[in-house]
Each structure stands twice: as structure tokens, then as C-alpha cells.
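Structure assessment
Below, each chain spelled out in residue letters.
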Amino acid sequence: MVDFISKKHILLLHAGGDSKRVPWANPMGKVFLPLPYLADDDPDGPVPLLFDHILAIASCARQAFKDQGGLFTMTGDVLPCFDASTMVLPEDSSSIITVPITLDIASNHGVIVASKSHAKDEAVHLVDNLLQKPSVEELVNHEAILDDGRSLLDTGLIAVRGKAWRELVMLACSCQPMILELLKSKKELSLYEDLVAAWVPAKHDWLQQRPLGKELVSRLGKNRMFSYCAYELSFLHFGTSGEVLDHLSGVGSGLVGRRHLCSIPATTVSDIAASAVVLSSKIEPGVSIGEDSLLYGNSISSGIQIGSQCIVVGMNMPRENDEPSEPFRFMLPDRHCLWEVPLVGCTDSVIVYCGLHDNPKNSLSGSGTFCGKPWKRVLHDLGIGEGDLWSTTGKQDKCLWNARLFPVLSYFEMLNLATWLMGLSDRRTEFLLPLWRGSRRLSLEELHRSIDFSKMCMGSSDHQAHLAAGIAKACIEYGLVGRDLSQLCGEILQMEVSGVEICKSFLGMCPRLQEQNSRILPKSRQYQVQMDLLRACGDEATAQDLEHKVWDAVAKETASAVRYAFQENLMEYPQKSASLNNHLSDSLDEIFHPKSIKVELPVRVDFVGGWSDTPPWSLERAGCVLNMAISLEGSLPIGTIIETTKEAGVSINDDSGSHLYVQDLASIVAPFDSGDPFRLVKSALLVTGVLNQKVLSSMGLQIKTWANVPRGSGLGTSSILAAAVVKGLLQITDGDESNENVARLVLVLEQIMGTGGGWQDQIGGLYPGIKFTTSFPGVPLQLQVVPLLASAQLISELQQRLLVVFTGQVRLAHQVLQKVVARYLRRDNLLVSSIKRLTELAKTGREALMNCDIDKLGEIMMEAWRLHQELDPYCSNEFVDSLFTLADLYCCGYKLVGAGGGGFALLLARDEACARELREILQSDSKFDVKVYNWEIFLDSKL
């Protein structure tokens, strides 16, 4: 949840074992963009943040707390960008995340004084003191300057674990009297300042003078706080509105979508700059928005002009007299802020405005400005006196912060006065000045205490719900449902009364959607849309009944894309030649010629690009995978032997000792039971057409399979075994046994089996060496396999530095695959962007290997592993995290192969010596019950 305490934003995330990835949200579960703040040098103001990075950091808390629970807070006005999963936080204590920063920046922020004598390791130190906006002299006096001349910046990230967490919970359970006392005295308690001070003895004297300070010191003061220094953290400060726009147009330009949850008219009836960021806003025709402006949570009516580098938040501009033919004209100049705020205890709201770079604390007698102009000029131009804005008896400096400037009137009166106060009105001051003087007026200081946050949240929720409803309706009625309807429905359902009814009306539109787009819109996507709408309507039972249709549709679409629709295949498999079949039958009648085929294949390890090969992604978008075929312990671990027999029927044996004899071949019919241990071979008989070639009418087959790899290895075992069986069956029937054809058939086979899966596993086992494979959607699906001409140096260095380790942790890939495919079918934005990035990394990895840049490959593996955790938060676990923590000391890259969750890990050491040392540790340390396999790149193309 998010709460508002003083002027700080607080994100509380309980990171228990069941915690999920959560967005930055207010208590109602909504993303909330607060008011833009003004001061160039005051870091306490609420400002918009970049949601995706907050999301990414929050998602790592589970790993950081090792599923044991705790508190992780993000406070203040900074955007920390770093890999939180690498944090090693002290147990049974509180920690504050810091980053080394130059003294000029440190002087405008909080600084942590870390103990030089009490250090757990290089990154973790006890906190000796907390400094706020310290001068250089103060930094020197408190020994807060590091050896490299920097100081530790307080990022506002705080974690509480173990004993400290339990004490905090006990305090919370008994805090009702404290809360009542605060409410009665109307005093503030700052989580960011007061709670942290309780864990730092140097701040106890200060804290005891604060409300409830003595109680906090008594209950929490025995524990100490640690500083964890995140050296790789990127520090973005969002203390001012100007900084917000700077980040959006500079460093953050690629992190935020330019448009999200918006109703925007056609470009011919509006003028919206491409660089403008428009979020959660309804824009009518006849609106102009300038370059690099930010709009959030608005309803902008016709005739409104917003300049460049402006920030507009929460404005709900109606038409004057609701007559669209005569729009109200209003212009916000370049570099201005405009927002609307509901007030506590009344139905009124107030419109607030100022210049982008106005500092509300700069005084009238100093450099203070309003709307970019010096105060004295503003007073002269408007004909108002100091007494109109400031009390003559107060001792405070006269500044924008305490100027009673903003009138509370009717909407259009406030907009007219805004135009006048900004110096843009052509109307006579004599007319507007009395209106302004006679109105109730608020200062920013008074406004800070008068905002109705509950109404603001409710208004934001309703606004976004109506926008989402309009977008969802248009998506179904006019488009190809390319949006995430489950997310849109989540927005819509915030309208408690009408939300479900709106979703039901969309459900009623589905038959028409299917009818008008039957040749374009995949059935799998149509069914997924219905499932999302059914769940939004609360009909979970019907949604579950529909789920099997989704997977059936994916299977059919996959088969169609590779030109082997298996329903037709069962009845009418295209014969290689009629004369060949007749010849086989005739010759078998005369004399039986036994035939035996043996196929052995390597396993594959994937460096990067997985998931982009998986239908329906690969049926609709390009996929790119970089992987490598390897042998294990000196042999090819996967294989089959297929022999012809005089006796009719099919005999199947596997390496576990299981046996099946099928005499009635007509009994081999899909779909197969998920527990059937022979469904792989049965599916292979179907997709190769062996059952329909009449060959088995005069002879039988004996099929033996093996896979000398641990179950759930992640090495593509199931798909590669399927490739071996398919290849063997095609060889024994003189079919097309080319690797390309086998790879296509295995893709269909896995859909028949019900396991799903893509093309990269069979490609990895069928083609030798390292290869970069690209797929291009269409009918048929096109695969382009490009072998890397690996130099002797590359092969040698890889085999010396790369450890292939079985973790002993097992999880089946299809359990993950169904979740990821479902997210793609509903067009989950985070998933789509993550898989796109994986395909880009595959291309970069190919270049790195061709240049023999093994260290670059390590960087790519690291990023790929982070992306896999975005796709599936449970692809890692505590054991894997501890293994990678150890590996981090010796490796430049590491990841789990395949879908993750267990199986094999790739550990790419920094050099040969590190590889030897890490291998010895893993083989001798009882903490890691793992097996390090001997392996070699498989280069033989004669399979």
C-alpha cells in the first residue's frame, strides 16, 4: 500500500513467501501520480515516478528476504535503479540502502555516516549517524567522507528483517493508543525520520523530543541499523517538477510509455507532440499539447492549449455551458505546472499553477518568482499589494509557499483568474481584481493541510475505470483485441456498482468479435479474451471450462503454421509415393528384411533467447535463440533404437523399465492422458504418419528410448528425445528425416502431447555446435539456423570456463510454460517487453561469441537471468540464490538453463583458475549437494 505521511511517499511491501510482484499503488490498489512539487532545491515534494522500475525493485524483495517475511519500504523522491536480488541484507536488524555520491549532491540530501570499525563486509556497516543536507564542514566533522571523496547517500530504501521485524510488528499491534494520541494532538509521525532514528543511538536525543519519540526509543532503540552500499545503483532524484521532465526526456525517455490508458483523438483534430507523455487522460478534439510535457489523470476539453515542458495533473476541464460549438479557451504557457486538488470537508476543489522552476521557499525580497517572473513585477502588473497575499504580522519570509494566491470559485472563474494571474489575460484588471480579492484563497502551505486524499484517490480510480471501459469497448468493437483485457477489467471493476455489468456487456460482444475477425484473430486469443471477461464477471467455473479450448487452439495454430495439421494427418497423410508403399507391402509379403535404426543426440544449453521460440509467440512474432549442443560425461545422453519385427503391433520400452505393447494401432488417438509415460512415442507415430502409411499392416516396430539426464534438467530432454524418435521413425520408413522437417514435426508433437513448448530444444539437439536460430512467423513457419564458426580459441575457452552444474532442484517446464503462454495471450505488457529484450540479447550474444568475447557473453547471461525472473518470479529459489551468490565471486555470468526453477545451471567463470576453484568448492562443500558435469561442445554433424 501507499500512505502519505508528511510530504513523503511510502511504499510498504510485506515480502513474505507468498508475496507477488506489485505496482506502486495507493491503499485502493491503484497506481497514483501525486501532485508535482515545485522547489528546485527541496527534495521533500511528491512528484511522479517511473512505475516499471519501482515494480522491478519490489519484485526482488522475496529473494532478498529469502521467503522469510519482513518489511521493505521505499520513501522519498528518488528512483533507485539496481538489481535488488543481489542484496545480502543483515538478518535480525534493519538496513538502509545507500549509494556513494559526490559531495555537491550529498549536500542537498540525507547522508548516512557508516561506522568504520563495525563492518560485516565491504558493503555492510553499522550506521553511526544520520545527517540531513549537511555542509562540507559537517561531513568532515562527522567523518562522513569516504576514502574516495564521496559520501553515502540515503536512498530512502529501508528493509527490516528477523528480530527487528518482529519487534516492529509487536509495536504495530499495540500502537492504537499511539495513533489516537497523534490524532488528538494533530501531530505528525514520520516513518522515514522517526522510525529510522529509533535504530540510530546518535539520534535518540533528537527523537525523544518528537511526538511518541520516547516510546519509539524504548521499544525499538536496542536494535541497530546497518547501511548496505549498493555500488551499482543509478540515482535519479525527482524532488522537483523540472527534474521529472528532465528524466522523462533524457535518462528516463525509454523507461516510460508515451501513452498509457488514454483516450486521444485522431491526429488531424488535435496537436499532440510526439515527445509528450500522456497518461490516464481523456483528450477531446481541438487540444494542443507541446513537446516534452507530462499529463496525468486529466480530462481536457476542446480549446485547451498546453505549452511545451508543462506538467498538468488531475484537471477535469468541462465545456463551458456544455456547448461543444463554443469551447472555452485556455492556454497554459511553456514551462508551467497546473493541477486540480479536492479539498477536505467540502465539494470544492482548487486549481493551482506556477512556473516549472518557481521555488516556493525563495522570498519576495530575494530571488522568489511566480510563473517565472520576479514577485515585484507580478505585484506591479496585477495591481495587488503585499497585504493581499501575506499577513503583515507574521515573522515568516514572504514567499510562494505561504502566499494566499489560489481562489476557490467556480471552475471557469478559477481558470479565468489563472489566466490573469499568469499575466496572459486581455481582460481589464479592474474586473478580475475584485473577484480575486473577494474570494476565499489558499496558499500552498494551507493546501498541504487541506487536500482530501481519499477523494483524490476515488476520483482517480473512477477516472481510470471510465477510461479503461472506453478503451476495452473500442478494443473489442473495432480492433483485434491487442490490449491486456484482464488489466483493463481490473481497472473497470473499481466501479463497484457498474463495473461487473460493463464487463458482462463486453462478454456479450464476443460472438460478434469472433464472427467479424475469424480469418485474422487467432482462436487462442479469442478464447483467452472470453476467459478474462468471464473471470472479471466472477464466473470462474465457466472460465476454467474454457481453458482447454485455449490450449487446443494453440495446438491447431501451431500445426497449421508448420503445415502439418495433425487432425488431417491422422486421416490423410501425404504419401511419399504410392509405388514405394506398394513395393514395401509386396516385399514384406514375400520375405521379411529386418531393419534397425539407432539415433543418438546431445543435449542443449541455452545462453539467451528462450521463450521467443514458443507458440503462440513464434507464430506471431520473430524469435531468436542462441544455444549450444553438448555431450555429457563423454557420451550423447539421449537416444532411441527402432527395429522392425515380423509380429504386428508396436512395442515400446524406456530406460525406466516400463513396457507397452500396442496391438490395436487404432487405439493410439490424441489427446493423451498427462500421466501416460508413452505419450511421446505415440505422438511421434501420429505426426510422422507411420500409422497411416499401411507399413505396419505387414510388420511391427520395437522402439526403445533412453535419456541419461536427470529428470527436470532443463536441457531440452523431452523435445530432443522426441526429435530422436521422430528422426528414427522417418529413417525406418524412408521419410524426410532432414533436421528442418524433424524440428517442425516435434513442434506439432509437443502440442499433441499437451506439454507445449517451442522449437529451440529440438534445434539445439539436432544441429551440432553453437547456433543462432531465428524464426519468422507465417505459413509455413520459417526457421533459419546459422551455425557459428567457432574458433579453436573460443571452444577451448568456453570448455575451460563454463561449468555445467545440476542443482538437484526439479521443476517441469510445462508448469511454467502454461503461465507464460497465458500471459502472452492476454498481452501482458511486461512479458512482451521482456521477451523482446531476450531476442535482442540473442543477437548481441552471437556477435560476442563470434568476437570471442566471453566476458560479454557473461553480461548477457546475467541480464537474461534477470529477465527470466521478470517472466516467472518463481524461476529461482533460496537454494539457487545461494548457489549464485557463491558463483558471483568467481563468475562473470550465470543462469539456469531452460525455464528455470531447478535443473542445470550454467556458471561462466571469470577465467580458468576461477573455474577450477569454483568446481572444487562445489564438489567439496556439503552445503551444495550439486553435481558438476564434464561436458564438451558436440561438433559432429553426422547424427
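Please read these numbers as outputs of a predicted model, since none were measured by experiment.

Considerations on the packing of helix α25 (residues 679-687) against helix α26 (residues 717-732)
Packing of α25 against α26 leaves a shortest axis separation of 9 Å and a crossing angle of 45°. In terms of orientation, α25 lies oblique with respect to α26. Crossing of α25 against α26: the hand is right-handed. Residues L680, A684, L685 and V687 of α25 pack against S718, L721, A722, V725, V726 and L729 of α26. Class assignment of the residues belonging to the contact of α25 with α26 gives a composition of nine nonpolar, one polar and no charged.

Brief notes about the sheet that holds strand β38 (residues 904-909)
If you trace the four strands from one edge of the open sheet to the other, you get β37-β38-β36-β39, paired in antiparallel fashion. Of all strands in the sheet, those with a lone pairing partner are β37 (891-896) and β39 (931-933), marking the two edges. The average angle at which neighbouring strand axes cross in this sheet is 25°, direction not considered. Sheet topology places β37 next to β38; five bridges connect them, and they run antiparallel. Across the sheet, G893 pairs through a bridge with L908, a residue of β38. Of the strands in this sheet, β36 (802-806), β37 and β38 are in contact with helix α29 (residues 792-801), which crosses β36 at around 40°.

With respect to the pattern of salt bridges
Counted by the stated rule, this structure contains 26 salt bridges. We note a salt bridge from R801 to D855, for which the minimum N-O separation is 2.7 Å. Of this pair, R801 sits in helix α29 while D855 sits in helix α32 (residues 854-871); the two residues are 54 residues apart in sequence, bridging distant segments of the chain. Ionic contacts of the salt-bridge type, sharing partners, join the residues R604, D606, D761 and K895 into one network.

As for the sheet that holds strand β18 (residues 304-306)
Strand order in the open sheet made by the four strands is β12-β15-β18-β20, with parallel pairing throughout. Two strands bound the open sheet, and with one partner strand each, they are β12 (271-272) and β20 (330-332). Pairing between strand β15 (residues 288-289) and β18: two bridges, direction parallel. Residue pairing in the sheet places I289 in a bridge with I306 of β18.

What counts and what doesn't
Residues numbered from 1 in each chain as written. Predicted model: local features only at pLDDT ≥ 70, side-chain atom pairs only at ≥ 80, totals over all residues. Heavy atoms only, no water. Axes fitted to C-alpha atoms, helices over the stretch in contact; angles between N-to-C directions. Helix = DSSP H or I, 4+ residues; strand = E, 2+ residues; numbered from the N terminus. Parallel < 35°, antiparallel > 145°, perpendicular 65-115°, else oblique. Left-handed = near helix turned anticlockwise from the far one by under 90°. Contact = heavy atoms within 4.5 Å. Nonpolar A, V, L, I, M, F, W, Y, C, P; charged D, E, K, R; others polar. Pairing = 2+ DSSP bridges. Salt bridge = Lys/Arg side-chain N within 4 Å of Asp/Glu carboxyl O.

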